[in-house]
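Summary of the model geometry
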Amino acid sequence: MTEEIIIAGFGGQGVLSMGKIMAYSGVMQDMEVSWMPSYGPEMRGGTANVIVIISSDRISSPIVRNFDTAIILNQQSLDKFENSVKPGGILIYDGNGITRHPERKDITVYRVDAVEEAGRMNSPKTFNMIVLGGFLKIKPIIKLENVIKGLKKSLPERYHNLIPMNEKALERGLEIIRKV
Amino acid sequence: MAEATGIKEIIKPENLVYKKTKIMTDNVLSYCPGCGHGTTHRILAEIIDEEGLQSQTIGICPVGCSVLLYNFLDIDWQEAAHGRAPALATAVKRLLPDRFVFTYQGDGDLAAIGTAETIHACNRGENILIIFINNGIYGMTGGQMAPTTLPGMKSSTSPYGRDVKLMGNPLKMTDIVATLPGTYYVTRQSVHTPANVRKTKKAMKKAVQYQKLNKGTCFVEIVSNCPSNWKMTPVESNKWMEENMLPYYPLGDLKVPAEETTQKTINPEKND
Amino acid sequence: MEKELRLMKGNEAVAEAAIRAGADGYFGYPITPQSEILEYLMQANPYTTTGMVVLQAESEVAAINMVYGGAACGKKVMTSSSSPGISLKQEGITYIAGAELPCLIVNVVRGGPGLGTIQPAQSDYFQAVKGGGHGDYHLIVLAPASVQEMADFVDLSFELAFKYRNPVMMLSDGAIGQMMEKVWLSPQKERSKTVPEWATTGKPTTRERNIITSLDLDPNAQESFNKKLIDKYNEIREKEVRFEEFQCEDAEYLFVAYGTSARVCQKAVQLCRAAGIKAGLIRPITLFPFPSKRINELADKMKLILSVEMSAGQMVEDVMLSVNGKVPVYHFGRMGGIVTAPDEVVEFLKSKIIGG
Ligand SMILES: Cc1ncc(C[n+]2csc(CCOP(=O)(O)OP(=O)(O)O)c2C)c(N)n1
Ligand code: SF4
Ligand SMILES: [Mg+2]
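Each residue is numbered by its place in its chain's sequence as written, counting from 1. As they are written, the chains are lettered A onward and the ligands numbered 1 onward, keeping that order. Since the coordinates come from a predicted model, pLDDT governs what is reported: local features require at least 70, and pairs of side-chain atoms require 80 or more to be given and counted, while whole-chain, interface and lining totals use all residues. In computing side-chain properties, one takes all heavy atoms of the structure into account and sets aside hydrogens as well as water.

1. Observations regarding the overall build of chain B
Helix and strand content of chain B: 11 helices and 9 strands. Each radius of gyration reported is based on C-alpha atoms, and the globular scaling rule is 2.2 Å times the count of residues to the power 0.38. For chain B, whose C-alpha radius of gyration is 19 Å, the value lies close to the compact-globule estimate of 19 Å for 272 residues. Dimensions of chain B, computed from the C-alpha atoms along their principal axes, are close to 65 × 45 × 35 Å. When each of the 272 residues of chain B is scored for burial, the buried share is 54%. Roughly 12200 Å² of accessible area belongs to chain B as shown, and the carbon and sulfur atoms make up 58% of that amount. Only runs of H or I of at least four residues qualify as helices and only runs of E of at least two qualify as strands under DSSP, and these elements are numbered from the N terminus. Exposure classes here rest on a 1.4 Å probe applied to the protein chains alone. A residue is buried below 20% of its type maximum, exposed above 50%, and partly exposed in between. With residues, only the protein chains shown are counted as cover, and all accessible areas are computed by Shrake-Rupley using a 1.4 Å probe.

Take a look at the structure:
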């Protein structure tokens, strides 16, 4: 099993940390993982993306152009990466701020309105966990318990009190993701 | 209805109170909100415009957050290697002595890797203007310690605060160059309040005039902020700057020309 | 003691591995995409645990000369930087090579020339392998292709550096520096207490004084020193060649690639095989010494050889020398900070197969 994923959105939206949690979760499940971020001059806004590969075998290229799954969190990223999904692959997007929706017919498109839901749950920062929950509903490649373990690994000790909230967000994601 | 008339009234040319300086290009500034670089660019642009120097100016860019400065002012530019701007400026001024030549450099660029170039250009008394943006940090590369980082101040390479026993004391380059006979006018300013902006503009304008006298290097330090890497809001960063940076780097002139030479600036030599 | 599993960036792995290898000192200056090495070391503060000195220098020039001074004391010292900073270090590097001192220099390459870009590239191959500074000298050059190798090669570099009294460079790039992978970290080694007999540590009455220098004003003496260096480099060529092969047994088309490009080419091999093209890959792990002999042997079985690097074509010259005209050799790779994609490599190979 090899899953090649791209996560893309605004800088500071938690794109890189969501990828990190995925990678840590993969490690907890004894898989091979790679996490390849886009990087640039610090803190000037703009877009951020990260390629995460989770595999049961040794990972060849950590950088690829076509993905099994694209997780898209803003319009710019949708415009940029919609065509990078492999035929038959999946695209998950958050509808917040999207004016031109995905158009491809040879892939399966899912929508998870995580920004809105996180707002409703009064914890805007957990929005990326809602998205991750949605992803795991569609592609259950990692067990939830390993995600929680991964979360514990990637979060500094002083934030561990936030884990229950993140767990709730993860579960909410499983519930609200829907096929378009 | 009333609102529409209101807007029409406001945008009438005779009601214009503030506009983009001609020298600034239409490119969007690449700086974080509240960063002092942008304000300083604006002052520089205004002076070049007001003095009619657009066709007479060559600027030298540093390597730092202002590495893309050449995108923002519509004049001729050279991009130096990290720290080497005063060397480029030296050659430019010597080969084109009637032009206005300046460098624009951060504290890492000017006071770490470029220390030798800075001191020696000033020591030779090159007739250039050096603008020195001191924000106490390496902004561009993500907040590492600079030579100017304050004692105890945290940065990504002094995560427990700057320990002066191990990492040295903050370097006051402006004080050092003021001791060199080659410098003509040395001042330390800031751009964090409108009053300070006006003072800085006055200082830079003087420096432009002095360059025409061929009496040596003018050096203008601007104590500035880096909200992103200081991890503060713009307002907090200005307050922090006032409370912490300014006591260490007090504002004001460090070296001013003698009275009679100042007189001459009213009658600068023709320079084109 | 057991190895420890972590998920780390390549840059962080270098820093942690340096502490665990028992390094005595690190001297650096920030530059993207490798600033995490200095940042990690400052955070870890190994002076309080192993006694390793970590210092942010005022420039790359100062940093490499701190390495020169430390190495001359017989200490395990290192620096790291990225392309523009490595250019500045070249003077120090040739002095270190000329003084026959061991040290480690890590280059996390970004696109050039000049200020270039901060994105990954492999355009410093010539500089690393053919000299870089002035005079007849070679670095031993290791090319890590994973975060694991970023860690493992630190220890290996020090071992080779001391064995041959020669500077070693790890030639990495922004992709490997910035990406995270699993890494098994070796247990903490003690810092070495043995003092090499050539080190300047203060002259006891029991030995002649030690002088560390690269100067010889007598041409005859300088020439015999040059010859001694050549002998050393030949011994290194003889004993230290390292490489890895993927699916070369039945291959008709051979990729030659190191570092990030080797990872890309592993995928390209898979894609080729899926399309019925018998491709294989040889990955040089040492760039100096270069696996010339093996590439020459493999060339006998190949229809063509494709050197893949993120540059305008640098290593391809060494591949051509190795192949010595037996089969056609081509170069392919993106530049300017763009990482070559596996499918691009396959497309290029197909065009050459059809074209040929
Ligand atoms: C030779 C070399 N070394 C290091 C760098 C990386 N680098 C780019 S900008 C910079 C420091 C920027 O700090 P500063 O001069 O204070 O400017 P600021 O961004 O704070 O305005 C460094 C170290 C480089 N580009 N070239
Ligand atoms: S990083 Fe700091 S110095 Fe650079 S633009 Fe942002 S606020 Fe200004
Ligand atoms: Mg600075």
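2. Structural notes on the pairing of strand E3 (residues 47-55) of chain A
Consecutive side chains of a regular strand alternate in pointing toward one face of the sheet and then the other. All names here are of chain A. Taken across its 9 residues, E3 has 8 buried, putting it largely inside the fold. Here, a strand pair is defined by DSSP locating no fewer than two bridges between the strands. In this sheet, E3 lies alongside strand E1 (residues 2-10) in antiparallel orientation, the contact comprising 9 bridges. Residue pairing for E3: isoleucine 7 is matched across the bridge by valine 50. The sheet contact formed by strand E2 (residues 32-37) and E3 spans 6 bridges and is antiparallel. Among the inter-strand pairings, serine 34 is bridged to a residue of E3, identified as isoleucine 53.

3. Quick look at unusual backbone geometry
All names here are of chain C. Following threonine 32, the chain continues to proline 33 via a peptide bond in cis, the omega torsion being 5°. Residue placement: proline 33 occurs in the loop between strand E2 (25-28) and helix H2 (35-44). That bond from glycine 112 to proline 113 is cis: its omega, 0°, falls within 30 degrees of zero. On the secondary structure map, proline 113 appears in the loop between strand E5 (103-109) and helix H5 (125-129). With a phi angle near 45°, arginine 165 is a residue other than glycine that sits in the positive phi range. As for its position among the elements, arginine 165 is in the loop between helix H6 (147-164) and strand E7 (167-173). Not every positive phi belongs to a glycine, and glutamine 247 is a case in point at roughly 50°. As for its placement among the helices and strands, glutamine 247 is situated in the loop between strand E9 (243-246) and strand E10 (253-256). Look at glutamine 247 and you get partly exposed, because its relative accessible area is 37%.

4. Comments concerning the sheet that holds strand E3 (residues 100-106) of chain B
Residue and element names in this part refer to chain B. A sheet is described by the order of its strands in space; here 7 strands give the open sequence E2-E1-E3-E4-E8-E7-E9, paired in mixed fashion. The sheet terminates laterally at strand E2 (76-79) and strand E9 (252-255), the two strands that pair on one side only. Taken pair by pair, the neighbouring strands of this sheet meet at an average axis angle of 20°, ignoring direction. Note that strand E1 (residues 57-61) and E3 share 4 bridges and pair parallel. Looking at E3, one finds that isoleucine 58 is bridged to valine 101. Contacts are assigned to residue pairs with any non-hydrogen atoms lying within 4.5 Å of each other. Convention adopted: a line fitted to C-alpha atoms gives each axis, helices being fitted over their contacting stretch, and angles between N-to-C directions are expressed from 0 to 180 degrees. Set on the sheet, helix H2 (residues 36-50) makes contact with E1, E3, strand E4 (129-134) and strand E8 (217-223); between it and E3 the angle comes to about 175°. Where helix H8 (residues 194-211) meets the sheet, its contacts fall on E3, E4, strand E7 (183-190), E8 and E9, and the angle it forms with E7 comes to roughly 165°.

5. Things to note about the site of ligand 2
For each residue, the test is whether any non-hydrogen atom lies within 4 Å of the molecule or strand; if one does, the residue is near. Taken together, 12 residues are adjacent to ligand 2, and Cys32, Cys35, Cys65, Asn135 and Cys226 of chain B come closest. Ligand 2 is flanked by residues contributed from chains A and B. Tallying contributions element by element places helix H9 (residues 227-230) of chain B first for the shell around ligand 2, with 3 residues. Charged residues are taken to be Asp, Glu, Lys and Arg, nonpolar residues to be Ala, Val, Leu, Ile, Met, Phe, Trp, Tyr, Cys and Pro, and polar residues to be all remaining types, Gly included. The class makeup of the residues in the shell around ligand 2 is 6 nonpolar, 5 polar and 1 charged.

6. Describing the site of ligand 1
Among the 21 residues in the neighbourhood of ligand 1, the closest are listed as His37, Cys65, Asp107 and Asp109 of chain B together with Glu60 of chain C. Positioned at a junction of chains, ligand 1 has nearby residues supplied by chains B and C. Within the contact set of ligand 1, an oxygen atom lies 3.1 Å away from a side-chain nitrogen or oxygen of asparagine 135 of chain B. At a separation of 3.0 Å, an oxygen atom of ligand 1 approaches a polar backbone atom of isoleucine 137 of chain B. Sorting elements by how many residues they give to the shell around ligand 1 places helix H4 (residues 107-113) of chain B first, with 3 residues. A class-by-class count of the residues in the shell around ligand 1 yields 10 nonpolar, 8 polar and 3 charged. Polar contacts, as used here, are pairs of N or O atoms within 3.5 Å; protein pairs need one atom able to donate a hydrogen and one able to accept it. Residues neighboring in sequence count only if both atoms are side-chain atoms.

7. Notes on a nonpolar patch on the surface
All names here are of chain A. A patch consists of residues exposed above 30% relative accessible area that lack any salt bridge, with like charges linked at up to 9 Å and nonpolar side chains (Val, Leu, Ile, Met, Phe, Trp, Tyr) linked at up to 5 Å. Should a side-chain nitrogen of Lys or Arg be within 4 Å of a carboxyl oxygen of Asp or Glu, the pair is scored as a salt bridge. A cluster of nonpolar residues, Tyr159, Leu162 and Met165, forms a patch on the protein surface that exposes about 240 Å² of accessible area. Residue position: methionine 165 is located in helix H6 (residues 163-176). Overall, the relative accessible area of 37% leaves methionine 165 in the partly exposed class.

8. A word on the confidence of the model for chain B
All names here are of chain B. In this model, chain B carries an average pLDDT of 93, and 93% of its residues clear a pLDDT of 70 or more. Summary of the metric used: pLDDT quantifies the predictor's per-residue confidence within the range 0 to 100. Confidence drops under a pLDDT of 50 for residues 263-272, and excluding neighbours within four residues, the segment shows 13 contacts in the predicted structure. Confidence estimates for the predicted assembly give a pTM of 0.95 and an ipTM of 0.93.

9. Here we look at the nonpolar core
The biggest cluster of nonpolar side chains holds 139 residues, and the ones touching the most others in it are Phe255 and Ile305 of chain C. Of the residues forming this core, the biggest block, 10 residues, is contributed by H6 of chain C. Residue ranges assigned to the domains are those given by an automatic or database domain assignment. When residues of this core are assigned to domains, at least three fall in each of domain 1 (4-194 + 226-239) and domain 2 (245-355) of chain C. Those residues in contact with phenylalanine 255 of chain C, other than ones at most four positions away along the chain, are Cys265, Ala268, Val269, Cys272, Ala279, Gly280, Leu281, Ile282, Leu306, Val308, Val345 and Leu349 of chain C. By nonpolar core is meant a set of buried Ala, Val, Leu, Ile, Met, Phe, Trp, Tyr and Cys residues that side-chain atoms within 4.5 Å join together. In this structure, Ile5, Ile21 and Leu73 of chain A together with Leu7 of chain C belong to the second largest nonpolar core, which totals 42 residues.

10. Let's talk about the interface of chain B and chain C
At the junction of the two partners, chain B supplies 19 residues and chain C supplies 17 residues. Together chain B and chain C conceal approximately 1300 Å² of surface at their shared face, both sides included; 60% is due to carbon and sulfur atoms. Buried surface area refers to the total accessible area, computed with a probe of radius 1.4 Å, that the two partners give up upon joining, counted for both partners together. Per-residue buried area on chain B facing chain C is highest for Ile113, Thr157 and Tyr160 of chain B; these three make up 33% of the total on that side. Viewed at the interface, chain C and chain B are joined by 0 salt bridges. Inspection of the region where chain B meets chain C yields 8 residue pairs in polar contact (both at pLDDT 80 or more).

11. Describing the layout of surface pockets
Counted as a void, the second largest pocket has a volume near 670 Å³. Whether a set of points on the 1 Å grid over the protein atoms alone is a cavity depends on a 1.4 Å probe fitting there but being unable to get out, while an open set qualifies as a pocket with protein on both sides within 12 Å along at least five of seven lines; lining residues are those with an atom within 4 Å of a point. Asn49, Ile51 and Ile63 of chain A together with Ile338 and Val339 of chain C are, among the 24 residues lining the second largest pocket, the residues nearest its centre. Listed by contribution, the elements that provide at least two residues to the lining of the second largest pocket are E2, E3 and helix H2 (75-81) of chain A. Grid points are joined across faces, edges and corners, and a volume is the space filled by probe spheres set on the points.

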